[in-house]
Every structure is written in C-alpha cells, then in structure tokens.
Amino acid sequence: MVIVMKPGAREEDLREVIARVEALGYQAHVIRGTTRSVVAAVGDERGKARLQALEALAGVQSVVPILQPFKLASRETRAARTVVRVGSLEIGGDRLHVMAGPCSVESEEQLLTVARAVREAGATILRGGAFKPRTSPYAFQGLAEDGLKLLAAAREATGLKVVTEVLNPRDLDVVARYTDILQVGARNVQNFALLKEVGEIGKPVLLKRGMSTTIQEYLMSAEYILSAGNTNVILCERGIRTFETATRFTLDLNAVPVLQKLTHLPIIVDPSHGTGHWEYVPALAKAAVAVGADGLMIEVHPKPEEALSDGIQSLKPARFAHLMSDLQTVAKAVGRYL
Ligand code: PEP
Ligand code: MN
C-alpha cells in the first residue's frame with residue numbers, strides 16, 4: 001500500500017504515519033517528492049485493511065494499493081524518474097553517460113591506454129572486470145584485487161568513474177572499496193543473497209538483466225536491492241537468449257520503453273554483449289540512444305585480437321571515438337546530449 005500525504009503535510013504528520021506503518025509490522029519507505037511525500041508500506045498484504053485506516057490521520061490524503069509486485073521499483077510509488085548520482089555525474093538526467101573499457105582488466109598498460117582513449121572520446125565511466133564470470137573454469141578469471149587496484153589507478157590518472165563486477169558476497173567489501181559503481185552481472189541477476197548484500201550498502205549498483213529473465217523477474221531483482229535500502233539502482237539491458245544464433249544474444253530494445261513505463265529507475269544498454277560482435281555495436285548503440293536509453297556500456301580494447309575475454313565484441317579506440325561523435329547527433333534528435 002502507498003500512503004499519499006497531502007501537499008504541505010507537516011513533518012510530524014509524516015513521522016506519525018511512519019511509526020504507525022512500522023507498528024503494524026510493515027517496512028516504511030519514504031519517497032519525498034517536490035510537492036508531497038508518499039510512504040510505501042511494504043510487507044504482508046493481508047494487513048491491508050488496517051493500513052487503509054491510516055487515511056483518518058492528519059496529513060494523509062489517501063491510502064492506495066500498489067498493484068505491481070515490484071513495489072519500490074514501480075512508477076506507482078514514484079512517478080518522477082530516479083537520477084542516480086555517481087560523484088558529480090547524474091545517471092538518468094538529460095546527459096547520457098557512456099561506460100566504456102575492456103571486458104577484463106588485463107594489465108596497467110592495457111587499462112591506462114583504454115581509459116585515456118575513452119575519456120578523450122567523451123566517456124565518463126571506465127568499465128573493466130577484475131572478477132570475471134566465465135563459462136569455462138579454464139578461461140581467464142580476472143586479476144581480482146590487483147585488477148581493482150589498476151582500476152583505481154586509472155581513475156586517479158583520468159578522473160573517470162569506475163564500474164566493475166562483484167561476483168559474490170564474499171568479495172563485496174573489497175570491490176566496494178575500489179569502485180564507484182558495483183556491477184551485478186547477467187548471471188547473478190537472481191543471486192538473491194548478493195542482491196540483498198549490495199542493497200545494504202549505499203553505493204550505486206548497475207544491475208544487468210539476465211539472459212533469460214523476464215522484465216517482471218528483472219524488476220523483482222531490482223526490488224531486492226531497493227527493499228534492502230539502496231535506492232541507487234541503474235538497470236542495464238544486455239541481450240537475451242532467443243532462437244537466433246547469428247548474434248551472441250538478441251538485444252531487447254523493447255525493454256527500454258517497457259521498463260520506462262513500469263519503473264522510475266534509469267536504464268542503460270550494453271550493445272557489446274547484446275550483439276557479441278564489434279561490427280554490430282555502433283548500429284545498436286545508436287538505436288539504444290534513439291529508443292530512450294539513459295546511457296550505454298561499451299567494450300573497448302586497444303588490441304581486441306589479443307584480448308583475454310570478449311575481443312570479438314570490443315571496439316578499437318578509434319572506432320569508439322567515431323561512434324561517440326555519431327551518437328551526438330542521435331542524442332540531439334531525442335532531446336539528450338553526451
Ligand atoms: C561484462 O560486463 O563483461 C559481463 C560479463 O556482462 P554480462 O553479465 O552482461 O554478461
Ligand atoms: Mn565482456
């Protein structure tokens with residue numbers, strides 16, 4: 001249920017509502033809007049009638065049910081779009097943000113070369129995996145903490161923010177120490193233990209859609225993070241499994257407007273994993289901006305032919321720079337900028 005406060009309700013009226021909601025055994029999530037606040041009461045729906053009675057309290061305008069199962073992620077509880085702040089960057093605002101860098105952090109030289117090139121081209125966030133989820137246990141698994149240190153050094157050298165994946169709750173402290181955004185990968189989208197833990201720290205989370213998760217399941221995963229108290233969730237469409245084998249995945253661009261209708265959370269698109277081939281990345285990156293994405297994640301490698309992971313889908317720095325310049329035109333056409 002959502003308890004909608006009257007515009008101009010007093011702070012003490014709001015406190016009274018929160019206390020009553022909690023006394024009834026619900027979690028109270030306060031969402032402060034520009035004209036009014038709402039309190040989302042999250043918990044067992046069976047006590048609905050008792051929550052309904054809170055309509056009698058001073059400062060309360062109405063008590064209405066939330067119909068979607070993803071209550072905090074739903075636009076029913078928050079009509080205004082969420083802007084996730086990463087230092088001075090705002091993800092979900094008019095400016096689009098591009099997260100670019102190698103699939104895996106491989107060496108200081110590789111990372112610094114890419115970091116400088118993508119910053120020069122206009123990216124604001126450096127991506128790079130230090131803990132890699134690989135299909136084969138014999139494939140390169142990442143440099144672990146050494147990789148995180150290289151990411152921190154690249155941030156120092158370039159001023160870019162950093163996004164990197166956390167694979168399991170055991171590594172959360174160390175990854176959080178070095179990164180600006182915690183990435184939860186496609187294979188972990190329903191790792192509920194991990195979602196709860198990243199929800200307990202305030203750091204922004206980039207939650208990738210699983211390759212076989214429906215949009216509803218995906219938003220329920222976001223709900224795990226939100227309900228644990230972390231409101232800084234960025235969604236990322238990265239391609240789903242279909243019958244098609246000509247591309248690695250099928251980038252589901254439908255998901256962007258559908259998610260925008262259902263949730264207030266910002267949404268970025270990853271055309272690198274979404275197509276699995278560098279040749280298709282520019283076209284899908286442009287399409288993602290045209291369809292309304294708040295940003296992009298793109299793999300870039302100075303020597304894709306020597307990459308330890310995902311070389312085939314990585315752009316060379318010069319192609320990336322070219323794409324960034326093309327994206328300006330598309331962004332402008334949809335009222336955004338880079
Ligand atoms: C990645 O970003 O390198 C990655 C492993 O992505 P995904 O989880 O989408 O496969
Ligand atoms: Mn990759």
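Residues numbered from 1 in each chain as written. Chains lettered and ligands numbered in written order. Predicted model: local features only at pLDDT ≥ 70, side-chain atom pairs only at ≥ 80, totals over all residues. Heavy atoms only, no water.

## With respect to the sheet that holds strand 9 (residues 161-165)
To be explicit about the condition: Here a strand pair is declared whenever DSSP counts at least two bridges between the two strands. A run of H or I in DSSP counts as a helix once it spans at least four residues, and a run of E counts as a strand once it spans at least two, with each numbered from the N terminus. Axes here refer to lines fitted to C-alpha atoms; in helices the fit is confined to the stretch in contact. Angles between the N-to-C directions go from 0 to 180 degrees. Residues count as neighbours in contact if any of their non-hydrogen atoms are within 4.5 Å of one another.
Strands sit in the order 7-8-9-10-11-12-13-14 around a closed barrel of 8 strands; the barrel is parallel. Neighbouring strand axes in the sheet, compared pairwise and without regard to direction, differ in orientation by 25° on average. Of the strand pairs in this sheet, strand 7 (residues 97-101) and strand 8 (residues 125-127) are connected by 2 bridges, and their pairing is parallel. Along strand 8, the bridge assignment pairs Ala100 with Leu126. Here helix 6 (residues 192-199) sits on the sheet and contacts strand 10 (181-184) and strand 11 (205-208); the angle it forms with strand 10, its principal contact strand, is near 170°. Its contacts with the sheet put helix 8 (residues 255-262) on strand 12 (233-237) and strand 13 (267-269), and the angle it makes with strand 13 is roughly 170°.

## Things to note about the packing of helix 10 (residues 281-291) against helix 11 (residues 317-333)
For clarity, the cut-off: Small angles under 35 degrees read as roughly parallel and large ones over 145 as roughly antiparallel, with 65 to 115 read as roughly perpendicular and the rest as oblique. Note on convention: near helix rotated counterclockwise from far helix by under a right angle means a left-handed crossing. Clockwise means right-handed. Gly counts as polar in this scheme, as do all residues outside two lists: the nonpolar Ala, Val, Leu, Ile, Met, Phe, Trp, Tyr, Cys and Pro, and the charged Asp, Glu, Lys and Arg.
Put simply, helix 10 and helix 11 touch, their axes get as near as 9 Å, and they point 25° apart. With respect to their mutual orientation, helix 10 and helix 11 come out roughly parallel. The way helix 10 lies across helix 11 gives a crossing that is right-handed. Packed against helix 10, whose contacting residues are Pro282, Ala285, Lys286, Val289 and Ala290, the element helix 11 presents Leu323, Asp326, Leu327, Val330 and Ala331 at the interface. Of the residues contributing to the contact of helix 10 with helix 11, the split by class is 8 nonpolar, no polar and 2 charged.

## Description of the site of ligand 1
Convention followed: Throughout, near means a residue has at least one heavy atom within 4 Å of the molecule or strand. The term polar contact refers here to a pair of N or O atoms within 3.5 Å; inside protein, the definition further demands a hydrogen-donor-capable atom paired with an acceptor-capable atom, and it admits residues adjacent in sequence only when both atoms are side-chain atoms. Accessible surface is estimated by sampling points in the Shrake-Rupley manner with a 1.4 Å probe; for residues, cover comes only from the protein chains shown.
Every one of the 13 residues lining ligand 1 counts as a neighbour, but Arg127, Ala186, Arg187, Lys208 and Arg238 are closest to it. Note that an oxygen atom of ligand 1 is positioned 2.9 Å from one of the side-chain N or O atoms of Lys208. Between His273 and ligand 1, the recorded distance is 3.2 Å, taken from a side-chain N or O atom to an oxygen atom. For ligand 1, the accessible surface in isolation is 300 Å², of which the surrounding protein chains cover 97%.

## Observations regarding the pattern of salt bridges
Quick reminder of the rule: When a carboxyl oxygen of Asp or Glu lies within 4 Å of a side-chain nitrogen of Lys or Arg, that pair is called a salt bridge. Between buried and exposed lies partly exposed: a residue is buried under 20% and exposed over 50% of the maximum accessible area for its type, with that area taken using a 1.4 Å probe on protein chains only.
Across all of its chains, the model carries 15 salt bridges by this definition. The salt bridge involving Asp270 is made with Lys208; its shortest N-O contact spans 2.7 Å. In this pair, Asp270 is assigned in the loop between strand 13 and helix 9 (271-275) and Lys208 in strand 11, connecting sequence segments 62 residues apart. Lys208 carries the same exposure label as Asp270, and that label is buried. A cluster of three or more residues bridged by salt bridges with shared partners is formed by Arg10, Glu12 and Asp13.

## Some thoughts on helix 8
Note the following rule: It is the directions from the helix axis to the C-beta atoms that the arc portrays.
If you check which residues of helix 8 are buried, you get Ala255, Val256, Leu259 and Gln260. Across the axial projection of helix 8, the buried residues extend over an arc of 130°, all falling on one side. Looking at the packing, one finds that the buried side of helix 8 touches helix 7 (215-227), strand 12, strand 13 and helix 10.

So, to be careful, I would describe these as geometric facts and stop short of saying anything about function.
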